[in-house]
Amino acid sequence: MVVSFQLALQAAVLTVALVGASRADDVQAKLAYCKDCHGPSAQGYRGFFPIPRLAGQQTEYLENQLRAFVEHRRTNNIMFNVAHALSPAMITALAANFRHLNPNPIGGAPKQLVATGKTIFEDGVPDANVAACAACHGPDATGRGQIPRLAGQLYPYLIKELTNWGKERGQNPARPDTSAIMSPVAHSLTNRQIEAVAAYVSSLR
Amino acid sequence: MKAAGLGLALPSAMLAIFFITVSRVEDASAASKQDVQAKLAYCEVCHGVSAQGFHGYYPIPRLAGQQTEYLENQLQAFVEHRRTNNIMFNVGHVLSPAMITALAANFRDLNPKPLGGAPKELVAAGEKIFEQGVPDASVPACASCHGPEAKGNGPFPRLAGQLFDYVSNKLTNWDKERGQNPAKPDTSAIMQPIAHSLTEPQIKAVAAYLSYLE
């Protein structure tokens, strides 16, 4: 009885150890897969589409976006296929890994727009009812919880998201989400203002 | 002579009142319904869709059910540098007096549920401080100005349902954020010694209690 209990215990310990090990391997393999497109340090990458920086991103935001692709709240066929194969544990592990990366921003945005962008980021555009980005994204654009880090994000990615907000985010009427907060903001910004604020945050470390 | 002078003064006074009233009405109508709705949507980007408050990078306060007099005074305080907040300075300085009045009236009528999320184990201690103060530390009962249900009154703000971390931050940083323009002393001076006398655990307790009040 005692012997069989010890055997069972050892087997259980071995099983836990194996599951742990395979998980670590699986996570590393999946991270390598993410980095094919998002860059070796998840700093973002200019593929055919601008592929966003994930490095230093808020875990809550990243997890929510991966679910958003699966739940058709956020429209992106490629990321739907990526995400629907991920277990909740894997999503958590990936998000935690990206959180700790801190590569330099890719850069490349027009430098002459940065000053205007900084003003918009810090003050908003009160006359156009555009709230200060810093109120939610923080003075350093590092985000908090469900609110994404923008610092170092790709210039063309930011422009694409702000320009197409209403067509890409909050697309499942049965599941309204926090993307609704940005909808009037994105809508009220002019193209010039979008370019300026994108240039500013893309330069932040 | 005196009677005639008075007779002239009275109609001209009435005329003056008439004109002031007319100009006020025009001023108020200048804030069109459409402009007010657009501005409300703008406020709600950060303060929440029902102005219930929001956890952005900073805790962004609940405005729902707030006293209009308090809200109007705070918007003026940002503009007059009595209250330090760069974001709200920029928001506030483009608002006309008529718009401020309209916004405050709109927020007054909202009544969403509190966001909650504060440590529940602190609520009982907080309720006691709110209702009785901390006599040994010369802290008066909060209820004496903010009311037994923390709904406020005129210049005294509603605290019921306010965000836990917002209330904690305000009470902790009172001296650095309020009453910052020596040329324009304001009612924030009333809270100064109280905020100063409360300990950190007492602040957390009373903030927890308030954050759950409907």
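Residues numbered from 1 in each chain as written. Chains lettered and ligands numbered in written order. Predicted model: local features only at pLDDT ≥ 70, side-chain atom pairs only at ≥ 80, totals over all residues.

K.L.:
Describe the overall build of chain B, naming the residues involved and giving the relevant values.
P.N.:
Within chain B, the secondary structure is distributed over ten helices and two strands. Its helices and strands in sequence order give chain B the pattern α-α-β-β-α-α-α-α-α-α-α-α, from N to C terminus. When contacts within chain B are restricted to residue pairs at least 6 apart in sequence, long-range pairs at least 24 apart make up 71% of them. (Helix = DSSP H or I, 4+ residues; strand = E, 2+ residues; numbered from the N terminus. Contact = placed C-beta atoms within 7 Å.)

K.L.:
Go over the overall build of chain A with me, naming the residues and quoting the values.
P.N.:
Assigned secondary structure in chain A consists of ten helices and two strands. The order of helices and strands in chain A, counted from the N terminus, is α-β-β-α-α-α-α-α-α-α-α-α. Out of the 205 residues belonging to chain A, those deemed buried represent 34%. Sequence-distant contacts in chain A: of pairs separated by 6 or more residues, those separated by 24 or more amount to 70%. (Buried ≥ 20, exposed ≤ 12 C-beta atoms within 10 Å, placed from the backbone.)

K.L.:
Tell me about the interface of chain A and chain B, and please be specific about residues and values.
P.N.:
Every contact between the two is made by 19 residues of chain A and, on the other side, 16 residues of chain B. Considering each element in turn, the side of chain A that touches chain B owes the most residues, four residues, to helix H6 (residues 133-137) of chain A. When the residues that make up the side of chain A that touches chain B are grouped by side-chain class, the tally is ten nonpolar, five polar and four charged. (Nonpolar A, V, L, I, M, F, W, Y, C, P; charged D, E, K, R; others polar.)

K.L.:
Residue-level account of unusual backbone geometry, with values.
P.N.:
Backbone geometry at A:Asn129 places phi at a positive 60°, although glycine is not the residue there. Along the chain, A:Asn129 falls in the loop between helix H5 (114-123) and H6. Phi is positive for B:Ala51, which is not a glycine, with a value near 55°.

K.L.:
So what's going on with the packing of helix H6 (residues 123-132) of chain B against helix H10 (residues 200-211) of chain B? Which residues, and what values?
P.N.:
Residue and element names in this part refer to chain B. Running from N to C, H6 and H10 point in directions that differ by 95°, and their axes come no closer than 7 Å. Here H6 lies roughly perpendicular to H10, going by the angle between them. Residue-level inspection shows Val123, Ala125, Gly126, Glu127, Ile129 and Phe130 of H6 in contact with H10, the latter providing Gln202, Ala205, Val206, Ala207, Ala208 and Tyr209. Of the residues that constitute the contact of H6 with H10, the class distribution is nine nonpolar, two polar and one charged. (Axes fitted to C-alpha atoms, helices over the stretch in contact; angles between N-to-C directions. Parallel < 35°, antiparallel > 145°, perpendicular 65-115°, else oblique.)

K.L.:
Give a description of the nonpolar core that names residues and reports values.
P.N.:
Formed by 37 residues in total, the largest nonpolar core has its most connected members in A:Ala131, A:Ala135, A:Val197 and A:Val201. Looking at this core, the elements that each hand over two or more residues are H5, H6, helix H7 (155-163), helix H9 (182-188) and helix H10 (191-202) of chain A together with helix H2 (33-47) and helix H4 (86-93) of chain B. In terms of residues, this core owes the most to one element, H10(A), which gives six residues. The residues touching A:Ala131, leaving out its near neighbours within four places in the chain, are A:Gly124, A:Val185, B:Tyr42, B:Val45 and B:Cys46. Residues B:Leu115, B:Cys142, B:Leu163 and B:Tyr209 belong to the second largest nonpolar core, which totals 18 residues. (Core = buried A, V, L, I, M, F, W, Y, C linked by C-beta atoms within 7 Å.)

K.L.:
Quick one: what's the story with the environment of B:Val123, residue by residue and with numbers?
P.N.:
All names here are of chain B. Relative to the helices and strands, Val123 is located in helix H6. When the 18 C-beta atoms within 10 Å are taken as the criterion, Val123 is described as partly exposed. Considering only alpha carbons, one finds Val123 and Cys43, 80 residues apart in sequence, at a separation of 30 Å. Leave out the neighbours within four places in its chain, and Val123 touches Ala208, Tyr209 and Tyr212.

K.L.:
Which residues make up the confidence of the model for chain B, and what are the values?
P.N.:
Of all residues in chain B, 86% attain a pLDDT of 70 or more, and the chain-wide mean is 89. Confidence drops under a pLDDT of 50 for residues 1-28 of chain B, and excluding neighbours within four residues, the segment shows four contacts in the predicted structure. (pLDDT = per-residue confidence, 0-100.)

K.L.:
Account for helix H3 (residues 68-79) of chain B, naming residues and giving values.
P.N.:
All names here are of chain B. Between its first and last C-alpha atoms H3 spans 17 Å; for twelve residues at 1.5 Å apiece the expected length is 16 Å, and the two agree. Taken as a whole, H3 has its buried residues at Leu71, Asn73, Gln74, Leu75, Ala77 and Phe78. In this structure, the buried residues of H3 make contact with H4 and helix H5 (97-108). Downstream of H3 by a residue or two, His81 has a phi angle that is positive, lying close to 60°. (Expected span 1.5 Å × (residues − 1).)

K.L.:
Mind laying out the packing of H5(A) against H10(A), listing which residues take part and the relevant values?
P.N.:
Residues and elements named next belong to chain A. Where H5 contacts H10, the axes come no closer than 7 Å and their chain directions differ by 95°. When the axis of H5 is compared with that of H10, the two are roughly perpendicular. Here H5 contributes Val114, Thr116, Gly117, Lys118, Ile120 and Phe121 to the contact with H10, which in turn contributes Gln193, Ala196, Val197, Ala198, Ala199, Tyr200 and Val201. Considered class by class, the residues forming the contact of H5 with H10 number nine nonpolar, three polar and one charged.

K.L.:
Which residues make up H10(B), and what values do they have?
P.N.:
For H10(B), built from twelve residues, the straight-helix expectation of 16 Å at 1.5 Å per residue is met to within 8% by its first-to-last C-alpha distance of 16 Å. Where H10(B) is buried, its residues touch H6 and helix H8 (164-177) of chain B.

K.L.:
Could you give an account of the environment of A:Asn129, naming the residues involved and the relevant values?
P.N.:
Taking the number of C-beta atoms within 10 Å as the measure of exposure, A:Asn129 has 21 and is therefore buried. Expressed as a C-alpha distance, the spacing of A:Asn129 and A:Leu189, which sit 60 residues apart in the sequence, is 9.1 Å. Not counting the four nearest positions on each side in its chain, A:Asn129 is found in contact with A:Ser188, B:Ala38, B:Lys39, B:Ala41 and B:Tyr42.

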